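Read off the chains here:
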Amino acid sequence: MPVEWAGSGPELLVTIDRHCGAGLRSQLEDQMRDAIRCGRLAGGERLPSSRELARALGLSRGLVQDCYAQLQAEGYLTSRPGSATRVATAAAARPDAPPPAAPPAPARHAVADFRHGVPDLRLAPREDWAWAIREVCRTAPNSAFDYGDPIGEPRLREVLAAYLRRVRAVAAGADQVVVCTGMAQALGLVLRVLAADGIDALAFEDPGAGVSTTGQAVAAGMAAVPVPVDADGLDVAALERTPARAVLVTPAHQWPTGVVLAGHRRQELIAWARRRGGVIIEDDYDAEFRYDRDPVGSLQGLAPDCVVSLGTVSKALAPALRLGWLIAPERLLGPLARGKLIADRGSPGLDQLALATLIESGRYDRHLRRARTEYAARRETLLAALAVHAPALRVTGLAAGFHAILHLPAGTDEDELIEQARRRGVGLYGMARMHRVARPAGPQLVLGFGDTPKRAIEAGVAAIAGLLREASPLHDT
Ligand SMILES: Cc1ncc(COP(=O)(O)O)c(C=O)c1O
């Protein structure tokens, strides 16, 4: 599909040389023919009006009209009375033109997709975000359009520090906040700073961090060392046996098992970091969405001297915003600020101010309340559907976030079940693939329901139960 440019004068890169001796009209015609032949102008694409193009190039309108008429006669352009001149579709389809865009991929999972790690994109607060951006553009001083402080807009850092002190019990002022392009960039910056400080191994939860995370460690020049997770979270005794001096954890809702790091483990982990001169990197993952248990404050609030806390709006608002932050002990702030400056000179300033506006106005909290209600309803739908279709199966990891672990009957072939489900239009994701060294206790599915509507959850669960019965009719599901 060609892009449908709005307005009467979409720009067109044509250069007219008044000193080269070639006629103005022939220069214009040649360049437009070339642009169409090589695909720079696509079939169906609208051209600027003759008036606009003449004005932009400093030519007479009559000359441009003659040029358009000539190219129309040659079959390069089409026009109908009262509508814009466009590139003829047949003309653009030359052998040397780029291949046409592939048709849109069919819906991957027609019945249900239990993919995880994404919020419901239908809930993205479009109105609130548009309002906040408008407010910023209306009220911000001209200086807001300049390069900003590489570590983030001071107003957002103030607002974030106050917000996180209030809702996550972090112990930090605005000067310890660095605004980043999502948690992904925050982690990369921290790892590079730690590597430069001589830390050569990062421990991570197993199951847990995916290749993009361990890849960041390797890119920073560190070894990535898996450490098992049990029902209380990261096994600190096992961490102790590794040479790592940095560890990445998800204490609020472990990814992917969903366990919450137990109180005694928190204390052991902090003691480990202080003894070893190590650093705990806390991915404060899923902290916004918690259901039937009291909130657990961030680890950073317990040990601000040795914890770096990472946060993001990817789950709370939308991943596309690419806004996140890190909170670090003072000794790391200088190198982190230098790293951020080198990486990109700072995250987009207006978006940062919009986020600050959203949080200050209370709209951020209001959105979270709405989203929490919706996810809680989906969680209930999931539990109810399992109670109907597969009452014997155990579900864990549902205290927070929007994914659950479904424990399958012993002996179920995870990969085979996933393949069979795919054929029936249901997207499933297994736990075995999320393990590195540790082995899961049995076959399990990680059921994400963040972006899965209630009706799809019901249909998907019924399909899973049906497949399990077919695979093993004697099994209790
Ligand atoms: C464990 C974990 N933490 C955090 C995030 C969010 O990362 P980002 O802020 O870069 O979108 C993700 C994204 O999937 C994740 O899997």
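Residues numbered from 1 in each chain as written. Predicted model: local features only at pLDDT ≥ 70, side-chain atom pairs only at ≥ 80, totals over all residues. Heavy atoms only, no water.

- The chain goes by PLP-dependent aminotransferase family protein in an unreviewed UniProt entry, where it is assigned to Sphaerisporangium dianthi.
- Taken from UniProt, the Sequence similarities (unreviewed entry) comment for the chain reads in full: "In the C-terminal section; belongs to the class-I pyridoxal-phosphate-dependent aminotransferase family." (UniProt positions renumbered as here; feature names shortened; annotations may be inferred.)

**Side note on the overall build of the chain**
Phase 1: Per the secondary structure count, the chain includes 16 helices and 15 strands.
Phase 2: Across its three principal directions, the C-alpha atoms of the chain cover 80 × 60 × 40 Å.
Phase 3: Taking all 477 residues of the chain together, 51% fall into the buried category.
Phase 4: For the chain, the proportion of contacts with a sequence separation of at least 24, taken over those separated by at least 6, is 75%.
Phase 5: Considering the chain, the positive charge centre built from 56 side chains and the negative charge centre built from 54 side chains are found 3 Å apart. (Helix = DSSP H or I, 4+ residues; strand = E, 2+ residues; numbered from the N terminus. Buried < 20%, exposed > 50% of the residue type's maximum accessible area, 1.4 Å probe, protein only. Contact = heavy atoms within 4.5 Å. Lys, Arg positive; Asp, Glu negative; His and termini not counted. Charge placed at Lys NZ, Arg CZ, Asp CG, Glu CD.)

**Section: the environment of I418**
Phase 1: Following the sequence through the fold, I418 ends up in helix α15 (residues 414–423).
Phase 2: Residue classification places I418 among the buried residues on the basis of a relative accessible area of 18%.
Phase 3: Distance in space between the C-alpha atoms of I418 and R33 is 52 Å, their sequence separation being 385 residues.
Phase 4: In this structure, I418 is in contact with L428, Y429, G430 and L445, ignoring residues within four places of it in sequence.

**A short note on the domain arrangement of the chain**
Phase 1: Looking at the chain, the domain boundaries give domain 1 (1–104), domain 2 (112–119 + 369–471) and domain 3 (123–365).
Phase 2: Placing the centre of domain 2 and that of domain 3 at their C-alpha centroids yields a distance of 28 Å.
Phase 3: The interface is formed by 26 residues belonging to domain 2 together with 29 residues belonging to domain 3.
Phase 4: For the pair domain 2 and domain 3, the summed buried area comes to about 2300 Å², and 62% of that belongs to carbon and sulfur atoms.
Phase 5: Put simply, domain 2 and domain 3 have 0 salt bridges between them.
Phase 6: One can count 10 residue pairs in polar contact (both at pLDDT 80 or more) joining domain 2 with domain 3. (Domains from an automatic or database assignment. Buried area = accessible area lost by both parts, 1.4 Å probe. Salt bridge = Lys/Arg side-chain N within 4 Å of Asp/Glu carboxyl O. Polar contact = N/O pair within 3.5 Å; in protein donor to acceptor, adjacent residues only side chain to side chain.)

**Observations concerning the packing of aromatic side chains**
Phase 1: Using the criterion set out here, one finds 5 aromatic pairs in the structure.
Phase 2: Where Y375 meets F402, the ring centres are 4.5 Å apart and the plane angle is 45°; that geometry is what we call tilted. Of this pair, Y375 sits in helix α14 (residues 363–389) while F402 is found in the loop between β12 (394–396) and β13 (403–407), placing the two residues 27 residues apart along the sequence.
Phase 3: An aromatic cluster of at least three residues, connected via ring pairs, comprises F289, Y375 and F402.
Phase 4: The lysine or arginine in question, R345, covers the ring of Y147, its NZ or CZ lying 4.7 Å from the ring centre.
Phase 5: Above the face of the W131 ring, R363 is positioned so that its terminal group lies 3.7 Å from the ring centre. (Phe/Tyr/Trp six-rings, centres within 6.5 Å; stacked < 30°, edge-to-face > 60°. Lys NZ or Arg CZ within 6 Å of the ring centre and 35° of its normal.)

**Details of the site of the ligand**
Phase 1: Close to the ligand lie G182, M183, A184, D283, Y285, T312, S314 and R322.
Phase 2: Between an oxygen atom of the ligand and a main-chain N or O atom of M183, the distance comes to 2.7 Å.
Phase 3: A distance of 2.6 Å separates an oxygen atom of the ligand from a polar side-chain atom of T312.
Phase 4: Looking at which element gives the most residues to the shell around the ligand, the answer is helix α7 (residues 182–196), with 3 residues. (Near = heavy atom within 4 Å.)

**A short note on helix α3 (residues 61–73)**
Phase 1: In this model, α3 (13 residues) spans 18 Å end to end at C-alpha, consistent with the 18 Å of a helix rising 1.5 Å per residue.
Phase 2: Taken as a whole, α3 has its buried residues at L63, V64, C67, Y68 and L71. Buried residues of α3, seen end-on, are gathered within an arc of 135° and therefore sit on one face of the element.
Phase 3: Count one or two residues on from α3 and you reach G75, which has phi positive near 90°. (Expected span 1.5 Å × (residues − 1). Arc of directions from axis to C-beta.)

**Points about the nonpolar core**
Phase 1: By size, the foremost hydrophobic cluster in this structure holds 62 residues, and its most contacted members are F114, L355, Y364, L428 and L445.
Phase 2: A total of 8 residues in this core trace back to one element, the largest contributor, which is helix α16 (residues 454–471).
Phase 3: Mapped onto the domain boundaries, this core takes at least three residues apiece from domain 2 (112–119 + 369–471) and domain 3 (123–365).
Phase 4: Apart from the residues within four sequence positions on either side, L445 is in contact with A404, I405, L406, L408, L417, I418, L428, Y429, G430 and I464.
Phase 5: Of all hydrophobic cores here, the second largest spans 27 residues; its members include L191, V279, L332 and L336. (Core = buried A, V, L, I, M, F, W, Y, C linked by side-chain atoms within 4.5 Å.)

**Observations concerning the sheet that holds β12**
Phase 1: Taken in spatial order, the 3 strands make up an open sheet running β12-β13-β15, and their pairing is antiparallel. Strands at the two margins of the open sheet, each flanked by one partner only, are β12 and β15 (444–448). Direction aside, the axes of adjacent strands within the sheet are offset by 30° on average.
Phase 2: Of the strand pairs in this sheet, β13 and β15 are connected by 5 bridges, and their pairing is antiparallel. Opposite A404, over in β15, you have L447 as the bridge partner. (Pairing = 2+ DSSP bridges. Axes fitted to C-alpha atoms, helices over the stretch in contact; angles between N-to-C directions.)

**Topic: the pairing of β15**
Phase 1: For β15, the tally of buried residues reaches 5 of 5 residues, placing the bulk of the element in the interior.
Phase 2: Here β15 shows no split at all, with Q444, V446 and G448 on one side and L445 and L447 on the other all buried.

**Considerations on the pattern of salt bridges**
Phase 1: Going through the model one piece at a time under the given rule, you end up with 30 salt bridges.
Phase 2: Here R157 and D149 are joined by a salt bridge, their closest N and O atoms 3.7 Å apart.
Phase 3: When its relative accessible area of 8% is taken as the criterion, R157 is described as buried.

**A look at the side chain of Q444**
Phase 1: Along the chain, Q444 turns up in strand β15.
Phase 2: Q444 sits in the buried class, given a relative accessible area of 7%.
Phase 3: Residues within four places of Q444 in sequence aside, it is in contact with I405, L406, H407, L408, E414, G430 and M431.

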